[in-house]
Amino acid sequence: LRGAAVAAALSAAIFLGPVTAQPASADSYGALSDEQKFVAEAWRLLDGSYLERTFNGQDWFKVRQDAVKKKYKSMDDAKTAVDKIASSLGDK
């Protein structure tokens, strides 16, 4: 079930791109690039749907902080970062 939730969250993030008109979404983050907003929104979707709250032993909020701080050259780079974040959860 966890795998399905993660897959659904990532599919929504990739399909929708930066999501608008949602409370506490990446659009409320101010001066971030579209790529950074995409990563922040994907992280938020994973956070809300991932049932294993230890996040595979990671400091999940540091993962977000590091990923959102990064400067991405393209949306493809941001999508690669989201894939890496999701893979780090070790969900099968």
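The structure under discussion appears in the preceding block.
Residues numbered from 1 in each chain as written. Predicted model: local features only at pLDDT ≥ 70, side-chain atom pairs only at ≥ 80, totals over all residues. Heavy atoms only, no water.

K.L.:
Would you mind going over helix H3 (residues 60–69) in detail, with residue names and values included?
P.N.:
Every buried residue of H3 is accounted for by Trp60, Val63, Ala67 and Val68. Each buried residue of H3 sits inside an arc of 115° when the element is viewed along its axis, so together they form one side. Residues Phe61 and Lys69 are exposed on H3 and point more than 90 degrees away from its buried face. If you follow the buried residues of H3, they end up packed against helix H2 (34–49) and helix H4 (75–88). (Buried < 20%, exposed > 50% of the residue type's maximum accessible area, 1.4 Å probe, protein only. Helix = DSSP H or I, 4+ residues; strand = E, 2+ residues; numbered from the N terminus. Arc of directions from axis to C-beta. Contact = heavy atoms within 4.5 Å.)

K.L.:
Explain the layout of surface pockets to me, and be specific about the residues and the numbers.
P.N.:
Approximately 190 Å³ is the volume found for the largest pocket. Along the walls of the largest pocket sit Gln58, Val63, Asp66, Ala67, Lys70, Tyr72, Ala81, Lys84, Ile85 and Ser88, which together make up its complete lining. For the lining of the largest pocket, the secondary-structure elements that each account for two or more residues are H3 and H4. When residues in the lining of the largest pocket are grouped by element, the largest group, four residues, is from H4. (1 Å grid on protein atoms, 1.4 Å probe; cavity = no way out; pocket = protein on both sides within 12 Å on 5 of 7 lines; lining within 4 Å. Points joined across faces, edges and corners; volume = space filled by probe spheres on them.)

K.L.:
A description of the environment of Lys79 should follow, citing residues and the corresponding values.
P.N.:
Note on placement: Lys79 falls in helix H4. Accessibility expressed as a relative area gives 27% for Lys79, which makes it partly exposed. C-alpha separation for the pair Lys79 and Phe38, spaced 41 residues apart in sequence, amounts to 8.1 Å.

K.L.:
An account of the pattern of salt bridges is requested, with residue identities and associated values reported.
P.N.:
Evaluated as defined, the whole model comprises three salt bridges. Note that Glu41 is salt-bridged to Arg44, the shortest N-O span being 2.6 Å. Residue Glu41 and its partner Arg44 are located together in helix H2, separated by three residues, close to a single helical turn. Residue classification places Glu41 among the buried positions, given a relative accessible area of 1%. Take Arg44: its relative accessible area is 24%, and that puts it in the partly exposed class. Between Lys62 and Asp66 there is a salt bridge, and its shortest N-O distance comes to 2.8 Å. Of the two residues, Lys62 and Asp66 both sit in helix H3, four residues apart, roughly one turn of that helix. (Salt bridge = Lys/Arg side-chain N within 4 Å of Asp/Glu carboxyl O.)

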